[in-house]
Amino acid sequence: MKKTVILLVSAIFSLLIASEIDKYLNYSNQLLNYQFELKGFNTITAPFEPEVKIVNGKQVKNVKTLVKTIKVDLLSVFEKRAYVLIKEYLGDQLVKKYKKWIKVGDKIGSCKVTAVAFDKIVLKCKNKKLIKTLYKKIPNIKEKQ
């Protein structure tokens, strides 16, 4: 008799615990499978496609312009000429990548090469001056081997 009572009590207790565990498992399943409500789809726009708005019954396109940037890395210098790696980006996407020998007076994008030294080149842009150096280490930082 005692064994059957203990068995019944343990079965009821395990059913109560199982129902609580089932609630927890359902909740964690919703979190893991990302079952949440998404709102505001009408305000999301594609980043590189032109927006079309209707103003006074006419369609007006707002064309978003992508900025073209050029990054220059100095690879070597030899007899007043410099060998550089030029990377052209449209927005944040790499469009073109090439290497080129340059000398004083050459243009890279909108910048002009004003000086070529033993370990650096100087580029003069519209309102700033860029100096690209060769083998310049940052102090207090060890290189990984």
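Relevant structure appears above.
Thresholds, definitions, all that
- Residues numbered from 1 in each chain as written.
- Predicted model: local features only at pLDDT ≥ 70, side-chain atom pairs only at ≥ 80, totals over all residues.
- Heavy atoms only, no water.
- Helix = DSSP H or I, 4+ residues; strand = E, 2+ residues; numbered from the N terminus.
- Buried < 20%, exposed > 50% of the residue type's maximum accessible area, 1.4 Å probe, protein only.
- Contact = heavy atoms within 4.5 Å.
- Areas by Shrake-Rupley, 256 points an atom, 1.4 Å probe, with all protein chains shown as cover.
- Salt bridge = Lys/Arg side-chain N within 4 Å of Asp/Glu carboxyl O.
- Disulfide = S-S within 2.5 Å.
- Pairing = 2+ DSSP bridges.
- Axes fitted to C-alpha atoms, helices over the stretch in contact; angles between N-to-C directions.
- Polar contact = N/O pair within 3.5 Å; in protein donor to acceptor, adjacent residues only side chain to side chain.

Participant: Outline the overall build of the protein, supporting the account with residue identities and numerical values.
Facilitator: Looking only at helices and strands, the protein features one helix and nine strands. Going from N to C terminus, the protein has its helices and strands arranged as α-β-β-β-β-β-β-β-β-β. Going through the 145 residues of the protein one by one, you find that 13% of them count as buried. Of all intrachain contacts in the protein linking residues separated by at least 6 positions in sequence, the fraction that spans at least 24 positions is 18%. Of the accessible surface of the protein, which amounts to about 13300 Å², a share of 58% is contributed by carbon and sulfur atoms.

Participant: Residue-level account of the pattern of salt bridges, with values.
Facilitator: Per the counting criterion, the structure on display carries one salt bridge. Across the salt bridge formed by Lys-68 and Glu-88, the nearest N and O atoms sit 3.7 Å from each other. Of this pair, Lys-68 sits in strand S3 (residues 68–78) while Glu-88 is found in strand S4 (residues 81–90), placing the two residues 20 residues apart along the sequence. Accessibility expressed as a relative area gives 55% for Lys-68, which makes it exposed. Residue Glu-88 is classed as buried on the basis of its relative accessible area of 11%.

Participant: How would you sum up the state of the cysteines? Please name residues and give values.
Facilitator: Evaluated as defined, the whole model comprises one disulfide. The disulfide partner of Cys-111 is Cys-125, and the gap between their sulfur atoms is 1.9 Å. Across the S-S bond linking Cys-111 and Cys-125, the dihedral sits near 85°, which makes this disulfide right-handed. With Cys-111 in strand S7 (residues 111–116) and Cys-125 in the loop between strand S8 (120–124) and strand S9 (129–133), the pair connects residues that are 14 residues apart, well separated along the chain. Both residues of the pair, Cys-111 and Cys-125, belong to the buried class.

Participant: Give me the lowdown on the sheet that holds S4, citing residues and values where you can.
Facilitator: Spatially, S3-S4-S5 is the arrangement adopted by the three strands of the open sheet, whose pairing is antiparallel. This sheet does not close on itself; its edge strands, each paired only once, are S3 and strand S5 (93–102). When strand polarity is set aside, the average angle formed by the axes of neighbouring strands in this sheet is 15°. Pairing geometry for S3 and S4, over 10 bridges, is antiparallel. Note that in S4 the partner of Lys-71 across the bridge is Lys-87.

Participant: Any details on the side chain of Glu-88? Residues and values, ideally.
Facilitator: Within the structure, the side chain of Glu-88 is placed 3.3 Å from the side chain of Tyr-98, a separation counted as a polar contact. The contact partners of Glu-88, leaving out residues within four places of it in the chain, are Lys-68, Thr-69, Ile-70, Gln-93, Leu-94, Val-95, Lys-96 and Tyr-98.

Participant: Tell me about unusual backbone geometry, and name the residues and values.
Facilitator: The phi dihedral of Glu-79 is positive, around 50°, even though this residue is not glycine. Within the fold, Glu-79 resides in the loop between S3 and S4. On the basis of relative accessible area, Glu-79 is assigned to the exposed category, the value being 65%. Backbone geometry at Lys-80 places phi at a positive 60°, although glycine is not the residue there. Looking at the secondary structure, you find Lys-80 in the loop between S3 and S4.

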